[in-house]
Amino acid sequence: MATWNATSSSSSSPSAASSPTSTRRTEAPRRWPSSESPPRKMRSIAEIMAITAPVVDQGQDGGDVTVTSGDVVDRYGDVACEKCGSGERGDELLLCDICDKGFHMRCLRPIVVRVPIGQWLCVDCSDPLPVRCMCLSQRKIMHFFRIEKFDVTEKPELSQEETIKHKRKSRPLTLTKRRRRLLPFVPSKDPNQRDAQLRTLASALTTLKMKYSNELTYIPGMAPRSANQSMFEIGGVQVLSKEDIETLEQCRAMHRVGGYPPLVVVEDQFQGFTVEADGPIKDLTLIAEYAGDVDYLKNRAKDDCDSIMTLLLCEDPSKSLVICPDKYGNISRFVSGINNHNRYGKKMQNCKCVRYSINGEVRVLIVATRDISKGERLYYDYNGYEHAYPTHHFL
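So, here is what we can say about the structure in this document. (Residues numbered from 1 in each chain as written. Predicted model: local features only at pLDDT ≥ 70, side-chain atom pairs only at ≥ 80, totals over all residues. Heavy atoms only, no water.)

A word on the overall build of the protein chain. Summing up its helical and strand segments, the protein chain has seven helices and 18 strands in all. Split into buried and exposed, the 395 residues of the protein chain put 36% on the buried side. Excluding contacts between residues fewer than 6 apart, the proportion of contacts in the protein chain whose partners are at least 24 apart in sequence is 70%. Per element, the accessible surface of the protein chain, about 26400 Å² overall, is 53% carbon and sulfur. (Helix = DSSP H or I, 4+ residues; strand = E, 2+ residues; numbered from the N terminus. Buried < 20%, exposed > 50% of the residue type's maximum accessible area, 1.4 Å probe, protein only. Contact = heavy atoms within 4.5 Å. Areas by Shrake-Rupley, 256 points an atom, 1.4 Å probe, with all protein chains shown as cover.)

Okay, structure coming up:
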């Protein structure tokens, strides 16, 4: 719809009415159709963290519990830690329910963040049950399938034509496996559901006194960015393909406008903070990039952080790098690991951490290894490369 100037009316002078330049046509402001709603800008994680309070532990009666160091009473007597030999900090000593040995929660590897509820066993008393071997002997297999045993040295004589046919049939088949590309995550369509998901992440980060960051951070005094070069890796790092780089950029673009994977951070009484799927996630979906401070491995040899991730393994151990999400991090900080010493651990794994070379730098991506349903917790293998991380205490 257009509006005309007052100079275009019939009561104006003849010269003004006849002049083509005496009238102007102005456009009305654009109106959205009734069937469509104008685009809504979603709130960022920084805005949600600014109004989110940390998690407060509650006692059995439902009231808030605040414990100070002066209120703690030493209830363990002469029990000393089996790791450090000290009997101090009795409020942090855990007693095994079988051998009655004591361990400080911070002396265990990985450290125990919260006092376990119920039965707790040490490493020596929590050995897994022996797995019964289900392998059949070769004789039983041959008897089951009725395979006749023959002497390989006695080869039947074949004619020339049969020899040619035999050579044609005995050629190895070349199978080319089609490579599957990574998929971008699909955020929740309901904005209220998405805000609830981000509130759980903001609450967990605020409780640990962390700041949100979706990238690797290089802080002065730690490892510089120039140290993160994929050429320094022992044996090299696989290069992320062009198609997968486009998927990664698409996920980063969704982060900038407020789109995040359908995940929630929940607090478990045994495992602490864990991550659950708040919607279906398909196989090979790019869930998140492992973020945090980049530091040298030699500086974190005695670190108490239980979520240190390997970033770069060099021939010179002093140049190896790790990711330490103790000050900055994202939802990858709270994804749980499986127990490699438990026969049910592998069945729980539904995602993996993969290191890729992206523009000459090493990045760690968390990718789904199968379809994940809503309400399922996320688990991956901490020992993906060096096989040195202790997982005896993992559930």
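Across all of its chains, the model carries 16 salt bridges by this definition. Linking Glu361 and Arg225 is a salt bridge whose minimum nitrogen-to-oxygen distance equals 2.8 Å. Here Glu361, found in strand β17 (residues 361-368), pairs with Arg225, found in the loop between β7 (216-217) and α6 (242-256); they are 136 residues apart in sequence, far enough to count as distant. When its relative accessible area of 12% is taken as the criterion, Glu361 is described as buried. Shared partners join several salt bridges into a network, and the residues in it are Glu215, Arg225, Glu249, Arg252, Glu289, Glu361 and Arg363. (Salt bridge = Lys/Arg side-chain N within 4 Å of Asp/Glu carboxyl O.)

Attention now moves to the sheet that holds strand β16 (residues 351-358). On the basis of which strands lie adjacent, the open sheet formed by four strands has the order β5-β10-β17-β16 and mixed pairing. The open sheet is flanked by β5 (183-184) and β16, the only strands paired with a single partner. Bridge count between β16 and β17: eight bridges; the pairing is antiparallel. Pairing of Cys351 across the sheet is with Ala368, part of β17. (Pairing = 2+ DSSP bridges.)

Located in the positive-phi region is Arg89, a residue other than glycine, with phi close to 55 degrees. Tracing the backbone shows Arg89 in the loop between α2 (45-50) and β3 (93-95). The partly exposed category is assigned to Arg89, whose relative accessible area is 39%. Phi is positive for Asp100, close to 60 degrees, though the residue is something other than glycine.

Another aspect to go through is the packing of aromatic side chains. Per the counting criterion, the structure on display carries three aromatic pairs. Over the ring of Tyr296 we find Lys298, and its NZ or CZ is 5.4 Å from the ring centre. (Phe/Tyr/Trp six-rings, centres within 6.5 Å; stacked < 30°, edge-to-face > 60°. Lys NZ or Arg CZ within 6 Å of the ring centre and 35° of its normal.)

Our focus in this paragraph is the environment of Arg300. Among the secondary structure elements, Arg300 is positioned in the loop between β11 (292-296) and β12 (309-312). Taking relative accessible area as the criterion, Arg300 reaches 10% and is therefore assigned buried. It is 9.6 Å that separates the C-alpha atoms of Arg300 and Leu321, two residues lying 21 residues apart in sequence. Once you skip the residues sitting within four places of it in the chain, Arg300 turns out to touch Met222, Asp295, Ile308, Val322, Cys324 and Asp326.

With that settled, consider the pairing of strand β9 (residues 272-277). Among the six residues of β9, six are classified as buried, and the element is accordingly described as predominantly covered. Two elements, strand β8 (residues 263-268) and β9, share six bridges in a ladder whose sense is antiparallel. What sits directly across from Val264, in β9, is Glu276. Hairpin geometry of β8 and β9 is characterised by an intervening segment of three residues between the two adjacent antiparallel strands.

Our focus in this paragraph is the nonpolar core. If you look at the biggest cluster of nonpolar residues, it comprises 44 residues, and the most contacted ones within it are Leu263, Ile287, Leu311, Leu321, Phe334, Leu378 and Tyr380. Considering each element in turn, this core owes the most residues, five residues, to helix α5 (residues 191-207). Beyond its immediate sequence surroundings of up to four residues, Ile287 is in contact with Phe185, Pro261, Leu263, Cys351, Ile366, Val367, Ala368 and Leu378. Counting 13 residues, the second-largest nonpolar core is a separate cluster that includes Leu240, Met254, Leu286 and Tyr356. (Core = buried A, V, L, I, M, F, W, Y, C linked by side-chain atoms within 4.5 Å.)

Tallying each qualifying case throughout the model produces two cavities of 30 Å³ or more. The space that makes up the largest cavity amounts to roughly 120 Å³. For the largest cavity, the lining is made up of 14 residues, of which Leu198, Leu201, Tyr260, Pro261 and Ile331 are closest to its centre. Looking at the lining of the largest cavity, the elements with two or more residues in it are α5 and β10 (285-289). Here the lining of the second largest cavity is built from residues that sort into six nonpolar, two polar and two charged. (1 Å grid on protein atoms, 1.4 Å probe; cavity = no way out; pocket = protein on both sides within 12 Å on 5 of 7 lines; lining within 4 Å. Points joined across faces, edges and corners; volume = space filled by probe spheres on them. Nonpolar A, V, L, I, M, F, W, Y, C, P; charged D, E, K, R; others polar.)

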